[in-house]
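# Residue-level structural notes
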Amino acid sequence: MKKFFILFFIVVLTFSVNIMADEEKKEESFKMKVIAALSNDVSFTNNKDAGFWGFVDENAEKQYFGGYMFGMIMALRFSENLELFMDITILRSNLLMGKAGSYLKGIAVWDANPNHSSSISPILDNDIYYISKATMGRVGGRFIYPINDIVEPYIGLAAGLVPFEIGFGNQDGSRAYSDIINEIAVTYALIFGSDFNLIADNKKILTIGLFLEFGGSATEPGTEITNWIWQNWTYHAQFPVIPAYRLGFTLSFNI
């Protein structure tokens, strides 16, 4: 994915130079866009995957790691077919890991317990969620192939940094049931979508976009979360930070 991303930007840079060298074809347009999406890991990270988490609550219903995303995009369209952009978004994601009155079972429980006495945890006093709070900043490019003045499908790539907080807590993340990790991860995404333009007096006045992104983010393998649910318990894993799929929309007014 990294090699593909570098190759893509070499092609984009070459294309941009050619476009800007031809003043007759050059068409610059700056836009500020609002972006919002629902995110989900679909078939990747679920709370019944004991092989991934190292434990499972057999009484919890199956759920997938997911949440929502919102933020802003700054985009500069150099021509009919090329747009470069920067975005900054906030992501909130969670996953139910254990239900109050139940228990966790698996090798990770044995490993986290400082006494290594059992692979079955004490009874949970509260519902336990895995929580991720992230801010994502990216740069990217889109190749646009307009069908007409109204419908403009595109494909794009983006890469960036993700400062994040992860831990275990209640559903909205307002109460922690573990120590919290603060780190920075990298992210890459492949984007498919289409813009739909509202035109009046032969001018684009409003653009609504629909898109689907592929590309998540995770911590390094063996990341530790200390005081995990119980005092002095230490849980080791590779934790998801951003769900792999995002389905959403953008909204912009022409400047």
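An account of the accompanying structure is given in this report. (Residues numbered from 1 in each chain as written. Predicted model: local features only at pLDDT ≥ 70, side-chain atom pairs only at ≥ 80, totals over all residues. Heavy atoms only, no water.)

## Notes on the overall build of the protein
Put simply, the rule reads: Numbering of helices and strands starts at the N terminus; helices are DSSP runs of H or I of at least 4 residues and strands are runs of E of at least 2. Accessible area is worked out with a 1.4 Å probe on protein chains only. A residue is then buried under 20% of its type maximum, exposed over 50%, and partly exposed in between. It only takes one pair of heavy atoms within 4.5 Å for two residues to be counted as in contact. The accessible surface values rely on the Shrake-Rupley method and a 1.4 Å probe; as for residues, cover is taken only from the protein chains in view.
Along the protein, the regular secondary structure elements total three helices and 12 strands. Taken over 255 residues, the protein has a buried fraction of 45%. Here the contacts in the protein between residues at least 6 apart in sequence split such that 70% fall between residues at least 24 apart. Carbon together with sulfur atoms contributes 61% to the accessible area of the protein, which is approximately 13,100 Å² in total.

## Some thoughts on unusual backbone geometry
In this structure, His116 is a non-glycine residue whose phi angle is positive, near 45°. Note that His116 resides in the loop between helix H3 (107-112) and strand S4 (128-144). Of the residues examined, His116 reaches a relative accessible area of 36% and is grouped as partly exposed. Here Asn227, not a glycine, exhibits a phi torsion of approximately 50°, which is positive. The topology assignment puts Asn227 in the loop between strand S9 (223-226) and strand S10 (234-237). A residue is classified by how much of its surface remains accessible, and Asn227, at 21% relative accessible area, is partly exposed.

## Focus on the nonpolar core
Let me state the cut-off plainly: Among buried residues, the Ala, Val, Leu, Ile, Met, Phe, Trp, Tyr and Cys ones that are joined through side-chain atoms within 4.5 Å form a nonpolar core.
Counting residues in hydrophobic clusters, the biggest one holds 43 residues, and the most contacted among them are Trp53, Phe55, Tyr130, Phe168, Trp228, Tyr235 and Phe239. The element that contributes the greatest number of residues to this core is strand S5 (residues 151-169), accounting for six residues. Discounting chain neighbours no more than four positions away, the residues touching Phe239 are Trp53, Tyr130, Ile166, Phe168, Ala218, Thr219, Thr223 and Ile225.

## Side note on the environment of Leu157
Positionally, Leu157 belongs in strand S5. Owing to a relative accessible area of 2%, Leu157 belongs among the buried residues under this scheme. Through-space distance from the C-alpha of Leu157 to that of Arg138 is 9.9 Å; in sequence the pair is 19 residues apart.

## Looking at the side chain of Ser102
In plain terms, the rule: Polar contact is defined as a pair of N or O atoms within 3.5 Å, subject to the rule that within protein one atom must be able to donate a hydrogen and the other to accept it, and that residues adjacent in sequence are counted only when both atoms are side-chain atoms.
For Ser102, the position within the fold is in the loop between strand S3 (82-98) and H3. A relative accessible area of 4% places Ser102 in the buried class. Polar contacts involving the side chain of Ser102 include one to the side chain of Asn59, which spans 2.8 Å. Excluding residues within four positions of it along the chain, Ser102 makes contact with Asp57, Asn59, Pro122, Ile123 and Leu124.

## Side note on the environment of Glu61
If you trace the backbone, Glu61 turns up in the loop between helix H2 (50-53) and strand S2 (66-77). Along the sequence, Glu61 and Gly98 sit 37 residues apart, while their C-alpha atoms lie 9.3 Å from each other. Residues contacting Glu61, with those up to four places away along its chain left out, are Asn47, Lys48, Leu96 and Lys99.

## Things to note about the packing of aromatic side chains
Definition in use: Ring pairs shown here join Phe, Tyr and Trp side chains whose ring centres sit within 6.5 Å, with only the six-membered ring taken for Trp; geometry is labelled stacked below 30 degrees between planes, edge-to-face above 60, and tilted in between. When the NZ atom of lysine or the CZ atom of arginine is within 6 Å of a ring's centre and also within 35 degrees of its normal, the charge is said to sit over that ring.
According to the stated counting rule, one finds 19 aromatic pairs in the structure shown. A centroid spacing of 4.6 Å and a plane angle of 45° characterise the contact between Trp230 and Trp233, whose relative ring orientation is tilted. Residue Trp230 shares its accessibility class with Trp233, and that shared class is buried. Members of the aromatic cluster, joined through ring pairs, are Phe52, Trp53, Phe55, Phe65, Tyr130, Phe168, Trp228, Trp230, Trp233, Tyr235 and Phe239. Note that Arg142 overlies the ring of Tyr154, its terminal NZ or CZ placed 3.9 Å from the centroid.

## Here's the deal with the sheet that holds S4
Test applied: A pair of strands counts as paired when DSSP detects no fewer than two bridges linking them. Axis geometry follows a simple rule: fit a line to the C-alpha atoms, using only the stretch in contact for helices, then measure angles between N-to-C directions, giving values from 0 to 180 degrees.
A barrel is described by the order of its strands in space; here eight strands give the closed sequence S1-S2-S3-S4-S5-S6-S7-S12, paired in antiparallel fashion. When strand polarity is set aside, the average angle formed by the axes of neighbouring strands in this sheet is 20°. Bridging between S2 and S3 involves 12 bridges; their strand directions are antiparallel. Across the sheet, the residue bridging to Ile73 is Asp87, located in S3.

## Concerning the pattern of salt bridges
Test applied: We define a salt bridge as a side-chain nitrogen of Lys or Arg found within 4 Å of a carboxyl oxygen belonging to Asp or Glu.
Per the stated rule, a full pass over the model turns up 10 salt bridges. Here Glu83 makes a salt bridge to Lys33, at a shortest N to O gap of 3.1 Å. Of this pair, Glu83 sits in strand S3 while Lys33 is found in strand S1 (residues 29-40), placing the two residues 50 residues apart along the sequence. Both residues of the pair, Glu83 and Lys33, count as buried. In this structure, Asp87 and Arg138 form a salt bridge, with 2.7 Å as the shortest nitrogen-oxygen distance. Here the residue Asp87 occupies a position in strand S3, and Arg138 occupies one in strand S4, the gap between them amounting to 51 residues. Judged by its relative accessible area of 5%, Asp87 falls in the buried class. Assessed through its relative accessible area of 4%, Arg138 is described here as buried. By sharing partners, the salt bridges in this structure join Lys33, Glu83, Arg142 and Asp195 into a single network.

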